[in-house]
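Below are the chains, spelled out letter by letter.
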Amino acid sequence: MFIAILTYKKPLSEVDKYLAAHREYLAKYYSAGNFIASGPQTPRIGGVIMMKAENRNTVDFIISQDPFNINGIADYQIVEFTPTMFKDKSLEQALNDKD
């Protein structure tokens with residue numbers, strides 16, 4: 001399990017120019033089963049993506065496809081962790097499903 005913490009490097013007016021393309025990118029990786037949850041930080045200084053991936057190389061490839069990355073909109077901090085407790089079984093099952 002990985003969490004990508006995005007921090008915007010550009011003003012929100014520039015971020016917003018790429019928001020539709022970024023959302024298409026998110027939809028692609030939700031459909032592929034890689035993304036579990038995502039959304040903006042509060043205050044809106046960046047975003048967070050929770051993802052499943054086999055390894056860090058896969059995460060790096062996925063991030064390389066993000067229009068925010070391609071266009072220099074955000075920096076990415078990647079945190080790998082192993083979840084051991086869950087609020088409900090459906091999340092645990094989703095994280096353990098093999099795609």
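Since we're looking at a predicted model, the values are computed, not measured.

### With respect to the layout of surface pockets
Roughly 210 Å³ of internal volume is contained in the second largest pocket. Around the second largest pocket, the lining is made up of 15 residues, and of these Y8, L19, H22, G39 and P40 lie nearest the centre. Those elements that provide at least two residues to the lining of the second largest pocket are β1 (2-8), α2 (19-31), β2 (35-40) and β3 (46-51).

### Looking at the side chain of Q41
As for its position among the elements, Q41 is in the loop between β2 and β3. A polar contact of 2.7 Å, which involves the side chain of Q41, links it to the backbone oxygen of L6.

### Some thoughts on the sheet that holds strand β4 (residues 74-80)
Adjacent strands of a sheet pair through backbone hydrogen bonds, lying either parallel or antiparallel. Reading across from one edge, β2-β3-β1-β4 is the order of the four strands in this open sheet, with antiparallel pairing throughout. Edge positions in the open sheet fall to β2 and β4, since each of these has one partner strand only. Strand-to-strand twist in this sheet, taken as the mean axis angle between neighbours without regard to direction, amounts to 15 degrees. Of the pairings in the sheet, the one linking β1 to β3 comprises six bridges and is antiparallel in character. Within β3, the residue paired with A4 across the bridge is I49. Of the strands in this sheet, β1, β2 and β3 touch α2, which is tilted by about 160 degrees from β2. Of the strands in this sheet, β1, β2, β3 and β4 are in contact with helix α3 (residues 56-64), which crosses β4 at around 160 degrees.

### Considerations on α2
Taking 1.5 Å of rise per residue, the 13 residues of α2 would be expected to cover 18 Å, and the 18 Å separating its terminal C-alpha atoms lies within 8% of that figure. By the burial criterion, the buried members of α2 are L19, H22, Y25, L26 and Y29. For α2, the arc enclosing every buried residue in end-on projection is 115 degrees, short of the 170-degree limit, so these residues lie on one face. Summarising the geometry of α2, the exposed residues directed more than 90 degrees from the buried face are A20, R23, E24 and S31. Buried residues in α2 make contact with β1, α1 (12-17), β2, β3, α3 and α4 (67-70). Positive backbone phi, at 90 degrees, marks G33, one or two positions downstream of α2.

Conventions and cut-offs
Residues numbered from 1 in each chain as written. Predicted model: local features only at pLDDT ≥ 70, side-chain atom pairs only at ≥ 80, totals over all residues. Heavy atoms only, no water. 1 Å grid on protein atoms, 1.4 Å probe; cavity = no way out; pocket = protein on both sides within 12 Å on 5 of 7 lines; lining within 4 Å. Points joined across faces, edges and corners; volume = space filled by probe spheres on them. Helix = DSSP H or I, 4+ residues; strand = E, 2+ residues; numbered from the N terminus. Polar contact = N/O pair within 3.5 Å; in protein donor to acceptor, adjacent residues only side chain to side chain. Pairing = 2+ DSSP bridges. Axes fitted to C-alpha atoms, helices over the stretch in contact; angles between N-to-C directions. Contact = heavy atoms within 4.5 Å. Expected span 1.5 Å × (residues − 1). Buried < 20%, exposed > 50% of the residue type's maximum accessible area, 1.4 Å probe, protein only. Arc of directions from axis to C-beta.

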